[in-house]
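Spelled out from the first residue to the last, the chains are:
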Amino acid sequence: MKQANLPTTSKGRTRLAIFCLYFCTGICFSSWASRIPDIKIALGLGDAAWGTILLMIPIGQICGMTISGLVISKVGSKRIFPIALTGYVLALLTIGISSTEYALIMSLIVFGFFGNFCNISVNTQAVTLENAYNRPIMASFHGGWSLAGLTGASVGLLMASLHIHPIYHFCIVGALVIVTLLINKPYLQADLKKEKNPADVAGKKKNKPETFLFLLGIVAFCGMAAEGAMSDWSGLFLIDVVGTEKHLAPIGLAAYMITMASGRFMIDKATQRWGRQRVLQAGGILIATGLFTAVAFPHFITTIIAFMIIGFGTAGIVPTIYSVAGQNTKIPTSIALTIVSSVSFLGFLMGPPLIGYIASATNLRYSYALIGLFGICIVVLASVIKIFRVNKRRV
């Protein structure tokens, strides 16, 4: 893999630009997530129907995954990301004006499609810059996404308390995102070029994905399922299980995002000290602990504390997996990330709707208990994946 060479001053400004663009993608998603209770109630949908609605974003993401890695590897994330983020904002606005179930379905599919392109292209930018720094910095970028989640949840709480319609809320967010994009677009970098191994070329293996990418995707799948449980169902858990008043429901998402964001700003140093394997194992333990606590003690204070524990747990899962996938493969970074994302986003595909179906048949406590088992799976998988055992210093 070629070492990315950027001037010191350029590295600092480029890092700030990528951080801001992670923030943009995060606030688009969290703005939608923060208004889920309002949109669900406005359309008069039950838990099972809402579980089906939540399938639409992952379906859109999967549609994007079929082409995003190839398109970005050919055209470059520097050119694709501005287009993708603009589409993401426009899709958010259509969600805000959706007055029927079918309009919402179409809007969420488009939202998921552009969201996937944003995800792959901005993470490709981050892997390129991390290579230039030659030390872990990926988690701090994902911290920008989580900080945006906290901001979006807080703004959503304010907007819901003031009874402001989602479309006006989303227009404000969209305008700020576009301005931020225009300011930081000039600092996007050309993608990292992988060195060709003559032996691989001779054996026609240069484009063959390594098996460990699929295993990394499963670990990320478990983490994403927990993230989906929090972003899509935390507010409804507080309302339906805990009995919290509707206008206080966004506090759950905000509490989760606080610890997720703060945790991600600590993960890079933790990775340098203890290694990526231990970071993943600790994350899985915290996810399981938090979800089982919320299930066992469904009271407002204990549930908020449990959500905060889950936030610390999920903080390091996805950035760690993306960093390993991007830095330790021979195939183009965007394709490696697409493979991992294709597996991991099944967590968003299966997790939230599964929660809805189980909640409809029983209640949300049983749904959250199931997702808690995924935390245990993370611990087990991180302990057995070969790449963590054969080269601990590097990963």
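Data block above holds the structure.
Heads up: these notes are all about the structure in this document.

Counting secondary structure elements, the chain contains 18 helices and zero strands. In the chain, buried positions account for 58% of the 395 residues.

If you walk through the whole model with that rule in mind, you get three salt bridges. In this structure, Glu227 engages Arg264 in a salt bridge whose closest nitrogen and oxygen atoms are separated by 3.5 Å. Of the two residues, Glu227 sits in helix H10 (residues 212-242) while Arg264 sits in helix H11 (residues 250-274), which places them 37 residues apart along the sequence. The class for Arg264 is buried, based on a relative accessible area of 2%. Shared partners join several salt bridges into a network, and the residues in it are Arg35, Asp38 and Lys246.

Take the nonpolar core next. Trp32, Trp50, Phe111, Leu213, Phe307 and Tyr368 are the most contacted members of the largest nonpolar core, which totals 108 residues. Of all the elements, H10 adds the most residues to this core, at 17 residues. Each residue touching Tyr368, except ones within four places of it in the same chain, is listed here: Ala229, Met230, Trp233, Ser234, Phe237, Leu291, Val295, Phe307 and Ile355. Ranked by size, the runner-up nonpolar core spans five residues in total, among them Ala139, Ile267, Ala270 and Ala315.

The next thing to look at is the packing of helix H13 (residues 300-315) against helix H14 (residues 317-327). One can describe the packing of H13 onto H14 by two numbers: an axis separation of 5 Å at closest approach and a directional angle of 5°. Taken together, H13 and H14 sit at an angle that is classed as roughly parallel. Facing Gly313, Thr314 and Ala315 of H13, the residues of H14 in contact are Ile317, Val318 and Pro319. By residue class, the composition of the contact of H13 with H14 is four nonpolar, two polar and no charged.

Of note in the backbone geometry, Asn134 takes a positive phi value of approximately 60° without being a glycine. For His163, which is not glycine, the phi dihedral falls at a positive 60°. With respect to the element layout, His163 can be found in the loop between helix H7 (138-161) and helix H8 (166-184).

Spanning 20 residues, helix H4 (residues 56-75) covers 27 Å between terminal C-alpha atoms, matching the ideal 28 Å at 1.5 Å per step. At Ile67, H4 is deflected by roughly 40°, the largest bend along its length. All of the buried residues along H4 are Met56, Ile57, Pro58, Gly60, Gln61, Gly64, Met65, Ser68, Gly69 and Ile72.

Before going further, it helps to examine the environment of Ala382. Tracing the sequence through the fold places Ala382 in helix H17 (residues 364-384). The class for Ala382 is buried, based on a relative accessible area of 0%. Residues Ala382 and Val279, spaced 103 residues apart in sequence, show a C-alpha to C-alpha distance of 9.2 Å.

Moving on to helix H6 (residues 101-133). Spanning 33 residues, H6 covers 47 Å between terminal C-alpha atoms, matching the ideal 48 Å at 1.5 Å per step. Within H6, 25 of the 33 residues are buried, which leaves the element mostly enclosed by the surrounding structure. Just downstream of H6, Asn134 is the residue with a positive phi angle, here 60°.

Our next topic: the packing of aromatic side chains. With the rule as written, the count across this model stands at 11 aromatic pairs. Site record: aromatic cluster; members linked through ring pairs are Phe113, Phe114 and Phe117. Directly above the ring of Tyr133 sits Lys11, whose terminal nitrogen or CZ lies 5.1 Å from the centroid. Cation over ring: Arg15 sits above Tyr133, and NZ or CZ is 5.3 Å from the ring centre.

What follows deals with the environment of Val110. You can see Val110 is positioned in helix H6. On the accessibility criterion, Val110 (34% relative accessible area) is partly exposed. Once the C-alpha coordinates of Val110 and Tyr88 are considered, the two residues, 22 residues apart in sequence, prove to be 7.9 Å apart.

Cut-offs used in this document
- Starting from 1, residues in each chain are numbered consecutively following that chain's sequence as written.
- Restriction of local features to residues with pLDDT of at least 70 applies here, the model being predicted, together with a cutoff of 80 or more for giving and counting side-chain atom pairs; totals for whole chains, interfaces and linings are based on all residues.
- To obtain the side-chain values, all non-hydrogen atoms of the structure were used and water was disregarded.
- Think of it this way: any DSSP run of H or I at least four residues long counts as a helix, any run of E at least two long counts as a strand, and we number them from the N terminus.
- Think of it in three bands: residues with accessible area under 20% of the maximum for their type are buried, residues over 50% are exposed, and the middle band is partly exposed, with areas taken using a 1.4 Å probe on protein chains only.
- Salt bridge criterion: a side-chain nitrogen from Lys or Arg within 4 Å of a carboxyl oxygen from Asp or Glu.
- Among buried residues, the Ala, Val, Leu, Ile, Met, Phe, Trp, Tyr and Cys ones that are joined through side-chain atoms within 4.5 Å form a nonpolar core.
- Throughout, a residue-residue contact means that at least one pair of heavy atoms, one from each residue, lies within 4.5 Å.
- Note on method: axes are straight lines fitted to C-alpha atoms, helices fitted across the in-contact stretch only, with angles between N-to-C directions ranging 0 to 180 degrees.
- Each angle gets one of four labels, with under 35 degrees taken as roughly parallel, over 145 as roughly antiparallel, 65 to 115 as roughly perpendicular, and the rest as oblique.
- Ten residue types, Ala, Val, Leu, Ile, Met, Phe, Trp, Tyr, Cys and Pro, are classed as nonpolar, four, Asp, Glu, Lys and Arg, as charged, and the remainder, Gly among them, as polar.
- The length a helix should cover is 1.5 Å for every residue beyond the first.
- Given a residue, its bend is the angle between the two axes fitted to the seven residues that end at it and to the seven that start from it.
- Two rings belonging to Phe, Tyr or Trp (six-membered ring only in the last case) form a pair when the distance between their centres is within 6.5 Å. Interplanar angles under 30 degrees mark stacking, angles over 60 mark edge-to-face geometry, and anything in between is tilted.
- Here, a charge over a ring means that NZ of Lys or CZ of Arg falls within 6 Å of the ring centre while also lying within 35 degrees of the ring normal.

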